[in-house]
Amino acid sequence: ATQKEGAGDRASTRADKLRKRMGWQAGILNGDGAKPKGMHWKTYQRLKSRHDALVQVSLLTLAASWVSCTSCWNPESVSQN
């Protein structure tokens, strides 16, 4: 359920829904596709803007979680062979 997802996961899910609507390949790390045939430019620009904002939220959340994870990691605790 969406309520159990974090903000970054929700943003990624919503971005994927927009990608599907525009006929693009799923996954926020995949490149943007072209404007779908028959879609008005104004609609395309609005959806692409929303998509780009959601991707930013998702990536910033991912980066923040990675930074907090690496700050807890102690390289001295890893045994060296």
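Whatever comes next refers back to the structure up there.
Residues numbered from 1 in each chain as written. Predicted model: local features only at pLDDT ≥ 70, side-chain atom pairs only at ≥ 80, totals over all residues. Heavy atoms only, no water.

Caption draft 1: Up close: the nonpolar core. Of all hydrophobic cores here, the largest spans eleven residues; its members are Ala11, Ala15, Leu18, Met22, Trp24, Ile28, Met39, Tyr44, Leu47, Leu54 and Val55. At the level of elements, helix 1 (7-21) and helix 2 (41-72) are the ones that each hand at least two residues to this core. In this structure, Val55 is in contact with Ala15 and Ile28, ignoring residues within four places of it in sequence. (Core = buried A, V, L, I, M, F, W, Y, C linked by side-chain atoms within 4.5 Å. Buried < 20%, exposed > 50% of the residue type's maximum accessible area, 1.4 Å probe, protein only. Helix = DSSP H or I, 4+ residues; strand = E, 2+ residues; numbered from the N terminus. Contact = heavy atoms within 4.5 Å.)

Caption draft 2: A positive patch on the surface, seen in detail. Taken together, Arg14, Lys17, Arg21, Lys42, Arg46 and Arg50 make up a surface patch of like positive charges. Those elements that provide at least two residues to the positive patch are helix 1 and helix 2. Inspection of the secondary structure puts Arg21 in helix 1. Taking the relative accessible area as the measure of exposure, Arg21 reaches 52% and is therefore exposed. (Patch = residues over 30% accessible without salt bridge, like charges linked within 9 Å, V, L, I, M, F, W, Y side chains within 5 Å. Areas by Shrake-Rupley, 256 points an atom, 1.4 Å probe, with all protein chains shown as cover. Salt bridge = Lys/Arg side-chain N within 4 Å of Asp/Glu carboxyl O. Lys, Arg positive; Asp, Glu negative; His and termini not counted. Charge placed at Lys NZ, Arg CZ, Asp CG, Glu CD.)

Caption draft 3: Structural detail: the pattern of salt bridges. Per the stated rule, a full pass over the model turns up three salt bridges. Of the charged contacts, one joins Asp32 and Arg19 as a salt bridge, the two residues approaching to 3.8 Å between their closest N and O atoms. Within this pair, whereas Asp32 is found in the loop between helix 1 and helix 2, its partner Arg19 is found in helix 1, the two being separated by 13 residues in sequence. On the basis of relative accessibility, which here comes to 0%, the residue Arg19 falls in the buried class. For the salt bridge of Lys48 with Asp32, the shortest nitrogen-to-oxygen distance reads 2.8 Å. On the criterion of sequence distance, the pair formed by Lys48 in helix 2 and Asp32 in the loop between helix 1 and helix 2 is long-range, its members being 16 residues apart. When salt bridges that share partners are traced, they join Arg19, Asp32, Lys48 and Asp52 into one network.

Caption draft 4: Region of the structure containing the packing of aromatic side chains. Under the defined criterion, the tally for this structure stands at two aromatic pairs. With 6.4 Å between their ring centres and 75° between their planes, Trp24 and Tyr44 make a pair best called edge-to-face. Note that Trp24 is positioned in the loop between helix 1 and helix 2 and Tyr44 in helix 2, a separation of 20 residues in sequence. Taking 5.7 Å as the distance between ring centres and 90° as the angle between the ring planes, the aromatic pair formed by Trp41 and Tyr44 counts as edge-to-face. Note that Trp41 and Tyr44 are positioned in helix 2 at a spacing of three residues, about one turn of the helix. Judged by its relative accessible area of 9%, Tyr44 falls in the buried class. The rings of Trp24, Trp41 and Tyr44 are connected pair by pair, giving a single aromatic cluster. (Phe/Tyr/Trp six-rings, centres within 6.5 Å; stacked < 30°, edge-to-face > 60°.)

Worth remembering: the numbers are spatial, not functional.
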